[in-house]
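Now for the letters of each chain:
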Amino acid sequence: MQTYLSLYFLTLAAISLGLLLASLPYLGARIEARPHPLWALSLTLFASSLGLFAWLVPQITQLDIPRFGLTTLANTLLIAAAILQAAFFHHLNNREKSPPYVLMTVTIVVFALVFDWVRLRLDFDSRVIVAAGTVALALGWQLHEIRRLRITEPTYHMDFLWWVTAGELACALTRLAAAMSNQTRVFTFDQIPALLLIFTLLNCLLSMLSYVGISNYWAEKISLERARLILESAEIKMLVEEKNRLILRLMAANKTAATGALSATLAHELSQPLTSLHINLGALRRESRSQQSQLDREHLLEQCMDSARRLNEVLATLRSMFIDKSESRQNVDVRQMLEAVRGLVAQEASRSGVHLRIEVEDELQVRGRQSELQHALLNLVINAIQALQDTVIEDKLIILSAKTHAEDVCIRVIDNGPGIEESKIRRLFELVDSEKPEGMGIGLWICRHIAERHEGRIAYRHHHPTGAIFEITLPYERKQHSPA
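Please read these numbers as outputs of a predicted model, since none were measured by experiment.

(A) Inspection of the pattern of salt bridges at higher detail. Applying the stated criterion to the full structure yields 9 salt bridges. Of the charged contacts, one joins D116 and R119 as a salt bridge, the two residues approaching to 2.9 Å between their closest N and O atoms. Here D116 pairs with R119, and both are found in helix α4 (residues 101-121), just 3 residues apart, close to one helical turn. When its relative accessible area of 23% is taken as the criterion, D116 is described as partly exposed. Assessed through its relative accessible area of 7%, R119 is described here as buried. Here R412 makes a salt bridge to E471, at a shortest N to O gap of 2.6 Å. Here R412, found in strand β5 (residues 408-415), pairs with E471, found in strand β7 (residues 468-475); they are 59 residues apart in sequence, far enough to count as distant. Overlapping salt bridges bring together R412, R461 and E471 as one network.

Rendered as structure tokens:
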């Protein structure tokens, strides 16, 4: 009989250990629904207790006073597993609070001392009464916590765990009643009452089933959370795409506003070469029938070619600024980019009495979308011109500078205007925070977005004695020289 009992305990211990090993990947998962360490520790103690019982049962020859002190350890591990499992359900109901670890530890230590005293001085039935009574108390606590959980989580797994725990409690109470009513002193395994033995084995089996039920509960929670994360990932992707679409619309609206602000400049830039073409072509037509010298005709043709080239340059600048939709990045010559921006705002700056100056180190390059970078710089220069329009200083100046700093290129737009008030600096780059009556509140926000989109950043600081400095910092792209 002892051999069969040992095999039974060993089988349950092996199943418990397998269940624990199968759950280890979930314990280390970085998800909210991962199993709580209390459950894993409880299962570890349960498997250790059953393994110890499997080794002890064949060794014990006298049950009234077993000479092995390991009996106390095995029973203590079993009680600790029951208490920790109840504490696990308590934690599920009170996630914001820590389980009563001190009370649990004191209970386990007191049980170990009492059980060992009973082992040395009393009989087998007394030990069963102490163990079964303590298990019944732990299961009563666990049943109460599961009942609370069934209200908040009315799932199949909670129902299963409630009925299994109720069965465990019934087995523990039956064992307690059988031990208290037994009138015969037990000396050997053959003298153990059949009812007590059956419900002890059934109690262990139901405990095993409760751990399986908890494992299934965790598996379902983890599956649901993973499904939720997949859905959230898809939703986040859609939101990011929608955000990018909105940003592109805002950038298009901002470019339209910039076009309005530069309308006089653009009209002037286009009218000059067109007027020159018209005059020179008219002169050529009138003189084609006369004896005009070949030298004069060549001079007129050269002027026409110059006007056509100027028109082509203006249109190319406009295309790169307002029409180019390319998403690919390329090496951008910083000096050429600043010259293009100055060309666009030259007339507007001249009307406002603002002098534009470019200070650039040789052969500076960044990698990015030239149209977007020009857009950001154009916004900053237009803001600087508008800030200088209402000032009474004589020498109004805007400096477009670029130089290397460590592994970055720092492009600055510097003016000697009134600067920006301290109270407004904190929210300077936030969306829809314009102080201008005609402003849309997106210009500086788009500048920040473009800088960050190019792995860079934008910052503001005061220019002494007066004025503002806007600095866009971008990764430095070293110019590639072809081998000679």
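So much for the structure itself; the text now carries on.
(B) Geometry of the packing of aromatic side chains. This model, assessed by the stated rule, comprises 9 aromatic pairs. The structure contains a cluster of three or more aromatic residues connected by ring pairs, namely Y8, F9 and F53.

(C) The arrangement of empty space enclosed by the protein in detail. Taken as a whole, this structure holds 3 cavities of 30 Å³ or more when the rule is applied. Contributing to the lining of the largest cavity are 37 residues, with F9, F53, N75, R175 and T200 lying nearest its centre. Every element with two or more residues in the lining of the largest cavity is listed here: α1 (2-27), α2 (37-56), α3 (70-93), α5 (124-152), α6 (156-181) and α7 (194-261). Top element by residues in the lining of the largest cavity is α7. It accounts for 8 residues. Of the residues contributing to the lining of the largest cavity, the split by class is 26 nonpolar, 8 polar and 3 charged. The space that makes up the second largest cavity amounts to roughly 50 Å³. Along the walls of the second largest cavity sit M337, L373, A376, L377, I411, C447, I450, A451, I472 and L474, which together make up its complete lining. Elements with a minimum of two residues in the lining of the second largest cavity: α11 (370-389), α13 (443-453) and β7. A breakdown of the residues in the lining of the second largest cavity according to their chemical character gives 10 nonpolar, no polar and no charged.

Reading guide: rules and limits
- Residues numbered from 1 in each chain as written.
- Predicted model: local features only at pLDDT ≥ 70, side-chain atom pairs only at ≥ 80, totals over all residues.
- Heavy atoms only, no water.
- Salt bridge = Lys/Arg side-chain N within 4 Å of Asp/Glu carboxyl O.
- Helix = DSSP H or I, 4+ residues; strand = E, 2+ residues; numbered from the N terminus.
- Buried < 20%, exposed > 50% of the residue type's maximum accessible area, 1.4 Å probe, protein only.
- Phe/Tyr/Trp six-rings, centres within 6.5 Å; stacked < 30°, edge-to-face > 60°.
- 1 Å grid on protein atoms, 1.4 Å probe; cavity = no way out; pocket = protein on both sides within 12 Å on 5 of 7 lines; lining within 4 Å.
- Points joined across faces, edges and corners; volume = space filled by probe spheres on them.
- Nonpolar A, V, L, I, M, F, W, Y, C, P; charged D, E, K, R; others polar.

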